[in-house]
Structure formats: C-alpha cells, structure tokens
Amino acid sequence: MADIPTTARPRSSAARVCTILGFVFAVLALFLSPLIFGVIGLILGIVGAVLGDKPLGWYAAAASVVGAILGFIIAMAVINS
C-alpha cells in the first residue's frame, strides 16, 4: 500500500497545554474578569485546535465564550442587586 499524505496535524504537547490553559481561562472568565480571561481563553482554545488538539481545543474556545457571557451576566446581577 502507498502512504497517503494527510493534511491533519499530529497533536503536540504544546497543543494540549494551550487547550488546558483555555479551559482554565474559561473558569477564570466566569469568576474574575470576563472580558480579559474570556478572550485569552478563546485564543488559546483556537491555537490548541489549530496545533492538533482538535475536539478539545474547540471545546475550550467555546467554554471560554460561554464563561465570558455567564461572567457578564453574574457581574450585572451583582451590580444591579
């Protein structure tokens, strides 16, 4: 059989580190500063996915967006109460 070249990148340890940090920043966006940590988590999740940690990198990016939105909602509820 011939080797068929693939366009998928192999997962590296840097990709996994970026993905894990993306999840950490998603949690920080929920409790501390939604704008700053949400954007950083989104970027790290996308970088992790592009470097090869496909499903978890995209999940980290989505979790960062959700964490930022929920963080804004919680902050507005605390401020307005």
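Residues numbered from 1 in each chain as written. Predicted model: local features only at pLDDT ≥ 70, side-chain atom pairs only at ≥ 80, totals over all residues. Heavy atoms only, no water.

Visitor: Could you give me a rundown of the nonpolar core, with the residues and numbers involved?
Guide: Among the nonpolar cores identified, the biggest contains five residues, and these are Cys 18, Phe 25, Ala 29, Phe 37 and Leu 44. Elements that contribute at least two residues to this core include exactly α1 (13-31) and α2 (34-50). For this core, the element with the most residues is α1, which contributes three residues. Among all residues touching Phe 25, those that are not within four sequence positions of it are Phe 37, Ile 40, Gly 41 and Leu 44. (Core = buried A, V, L, I, M, F, W, Y, C linked by side-chain atoms within 4.5 Å. Buried < 20%, exposed > 50% of the residue type's maximum accessible area, 1.4 Å probe, protein only. Helix = DSSP H or I, 4+ residues; strand = E, 2+ residues; numbered from the N terminus. Contact = heavy atoms within 4.5 Å.)

Visitor: Report on a nonpolar patch on the surface, specifying residues and quantitative values.
Guide: On the surface, Leu 42, Ile 46, Val 50, Trp 58, Val 65, Val 66, Ile 69, Leu 70, Ile 73, Ile 74 and Val 78 cluster together into a nonpolar patch covering about 930 Å² of accessible area. Broken down by element, the nonpolar patch gets its largest block of residues, eight residues, from helix α3 (residues 54-80). Structurally, Ile 74 is set in helix α3. (Patch = residues over 30% accessible without salt bridge, like charges linked within 9 Å, V, L, I, M, F, W, Y side chains within 5 Å. Areas by Shrake-Rupley, 256 points an atom, 1.4 Å probe, with all protein chains shown as cover. Salt bridge = Lys/Arg side-chain N within 4 Å of Asp/Glu carboxyl O.)

Visitor: If you had to explain the packing of aromatic side chains to someone new, which residues and values would you point to?
Guide: Applying the stated criterion across every chain, the model contains one aromatic pair. Each ring, one from Phe 25 and one from Phe 37, has its centre 5.7 Å from the other, and the planes form 20°; the classification is stacked. Linking Phe 25 in helix α1 with Phe 37 in helix α2, this pair joins segments that are twelve residues apart in sequence. (Phe/Tyr/Trp six-rings, centres within 6.5 Å; stacked < 30°, edge-to-face > 60°.)

Visitor: Tell me about the packing of α1 against α3, residues and numbers included.
Guide: Taken N-terminus to C-terminus, the directions of α1 and α3 make an angle of 10°; their axes are 7 Å apart at the nearest point. Comparing their axes, α3 and α1 come out roughly parallel. Two secondary-structure elements touch here, α1 through Arg 16, Thr 19, Gly 22, Phe 23, Ala 26, Ala 29 and Leu 30 and α3 through Leu 56, Gly 57, Tyr 59, Ala 60, Ala 63, Ser 64, Gly 67, Ala 68, Leu 70, Gly 71 and Ile 74. Split into classes, the residues belonging to the contact of α1 with α3 amount to eleven nonpolar, six polar and one charged. (Axes fitted to C-alpha atoms, helices over the stretch in contact; angles between N-to-C directions. Parallel < 35°, antiparallel > 145°, perpendicular 65-115°, else oblique. Nonpolar A, V, L, I, M, F, W, Y, C, P; charged D, E, K, R; others polar.)

Visitor: Got a sec to walk through the side chain of Thr 19? Specific residues and values, please.
Guide: Inspection of the secondary structure puts Thr 19 in helix α1. Judged by relative accessible area, which is 1%, Thr 19 ranks as buried. Within the structure, the side chain of Thr 19 is placed 3.0 Å from the side chain of Asp 53, a separation counted as a polar contact. For Thr 19, the contacting residues outside a window of four places in its chain are Leu 44, Gly 48, Asp 53, Leu 56, Gly 57 and Ala 60. (Polar contact = N/O pair within 3.5 Å; in protein donor to acceptor, adjacent residues only side chain to side chain.)

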